[in-house]
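Architecture and fold: a report
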Amino acid sequence: MKKKNSGSSNSNPISSRNGNSSNSNSTGSQKSDNKKLAKEIKSLVLWKSPLKTLKYASLEILFLFKTNMNRLLHQRALLMAILTLLFSIAAAIYTPGHHQKLIESIKTKGFFVVYWLGLGILSSVGLGTGLHTFLLYLGPHIASVTLAAYECSSLNFPEPPYPNEILCPEDNGTANHIIPTLWSIMTKVRYEAFLWGAGTALGELPPYFMAKAARLSGNTTEELENLQELEKLQKRKEKGEKLSLFDKGKLMMEDIVERVGFFGILLCASIPNPLFDLAGITCGHFLVPFWKFFGATLIGKAVIKMHIQKIFVIISFNENLVDKFIDILAFIPLIGVRLQKPFKGFFESQKQRLHRNNHKQSINASQGNILASVFEYFVFIMICYFIISIINTFAQSCCKRMRKNHGSSTSMEVASNKKES
């Protein structure tokens, strides 16, 4: 009996060693597989493997369309409500009558609302790199209104064509002329600025909803990679390892949101913050109430941050500052005088365009063409880069999802084989 016991006791450490070695081998192979997956995902970009990237991107678009259509078809009440609403709108638009004047006003105002809201959503929704619509659209619009206010000595621009195009009002003497102030210009652009800010707040909702749904469903794989990354950064900080400024910003923002709550979210939303997606994920994971998160985000982005940005643009494009800026360009060695000409031509052509309604001046098409064309090319390049980044993101998410599904299916097969054996 003693021999048997000694034999069994000797066999136990051997089996435990084998178990430990097999566990270490499995963890090592898992790490190597993760590294290979990360490399494969990073390589899925249009400039490295265009055909493969387009293939995966199209598969992801089809997958999203199919899943969303299945969800919609399962919610028949919502589907019927949407179809009824669309049919009612089509009937109201195409049926002649006195209500067509109301329809036309709703069309123009509705397009205005959808346009600026949509630009705000595109700026923060998280598709690809995000389209910097303040820099490309709202900022230039505020700058144009500021320059026109000083040139026309008025903010009563004729509607139409405003806001699509800015023209000085007809000259009825100096009685209607005003000296534009910071507050009057801010008031003129308040609607489009607020709508753009509200759109950026709406664009922050998908990370919040996805993290909240993952927490409620108990699924720890969806949208929780950022939280796992934050946990790793926290452990590195506790060990005393050096962190980059970007990583320190992530930890600080998570700490502010968790500890301060509403006012922490408000603070993070009120400043230019590329890490605000983490605030939405953190709030969703910890089940922060919707109106607490969205209310703080809306106030911060559409009111506080938007006023800061408006003030900055209006002050920067003050008539005196613009003239001083053009004069300062002359002091740049070698190219200063050459730079002055296109800038002067651009601002002069903009002023001439404002007076087309009065037929005072004819527009010289050659003036300011260089700067205008440069800005147009810049906008075109930014939009193309945004579309390319969306394609890359779709392809990478599709590859990641397919590899995870394949890995989970193989692990289930291994487990079933072990049970059978």
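All residue numbers refer to positions counted from 1 along the written sequence of the respective chain. Given that the model is predicted, a residue must reach a pLDDT of at least 70 before its local features are reported, and side-chain atom pairs must reach 80 or more before they are shown or counted; all residues, however, enter totals for whole chains, interfaces and linings. Neither water nor hydrogens contribute to the side-chain values; these are computed over all heavy atoms in the structure.

- Going by the annotation in an unreviewed UniProt entry, the name recorded for the protein chain is Vacuole membrane protein 1, with Anopheles minimus given as the source organism.

**Focus on the overall build of the protein chain**
- Strands are runs of DSSP state E lasting at least 2 residues, helices are runs of H or I lasting at least 4, and numbering of each runs from the N terminus. Scanning the protein chain from terminus to terminus reveals 16 helices and zero strands.
- For the protein chain, buried positions account for 31% of its 421 residues.
- Nonlocal contacts in the protein chain, meaning residues at least 24 apart in sequence, comprise 69% of its contacts between residues at least 6 apart. The cut-offs for exposure are 20% and 50% of the maximum accessible area for each residue type, with area from a 1.4 Å probe on protein chains only; residues under the lower value are buried, those over the upper are exposed, and the others partly exposed. Should any heavy atoms of two residues lie within 4.5 Å, those residues are counted as being in contact.

**With respect to the UniProt feature "transmembrane region" (unreviewed entry) in the protein chain**
- The feature "transmembrane region" (unreviewed entry), as given by UniProt, occupies residues 77–94, 114–138, 256–272 and 377–395 in the numbering adopted here.
- When the span residues 77–94 is considered, its composition is 100% helix and 0% strand, and the gap between its end C-alpha atoms is 26 Å. UniProt positions are given in the numbering used here, feature names are shortened, and annotations may be inferred rather than shown by experiment.

**Focus: helix H7 (residues 190–203)**
- Across its 14 residues, H7 extends 20 Å between first and last C-alpha, which sits within 8% of the 20 Å expected from 1.5 Å per residue.
- Most of H7 sits out of view: 10 of its 14 residues are buried.
- Burial in H7 covers these residues: Glu192, Ala193, Leu195, Trp196, Gly197, Ala198, Gly199, Thr200, Ala201 and Gly203.
- The inward-facing, buried residues of H7 abut helix H4 (100–124), helix H5 (133–152), helix H6 (182–188), helix H8 (205–217) and helix H13 (290–316). Residue count minus one, scaled by 1.5 Å, sets the expected span of a helix.

**As for the environment of His285**
- With respect to the secondary-structure elements, His285 resides in helix H12 (residues 276–285).
- Here His285 falls in the buried class, since its relative accessible area comes to 18%.

**Topic: the state of the cysteines**
- Disulfides are defined as pairs of cysteine sulfur atoms found within 2.5 Å of each other. Throughout the structure, instances matching the rule amount to one disulfide.
- Paired through a disulfide, Cys152 and Cys168 show a sulfur-sulfur distance of 1.7 Å. Looking down the S-S bond of the Cys152 and Cys168 bridge, the torsion is -70 degrees, so its handedness is left-handed. Taken as a pair, Cys152 in helix H5 and Cys168 in the loop between H5 and H6 lie far apart in primary sequence, 16 residues in all. The pair formed by Cys152 and Cys168 is uniform in burial state, with each residue classed as buried.

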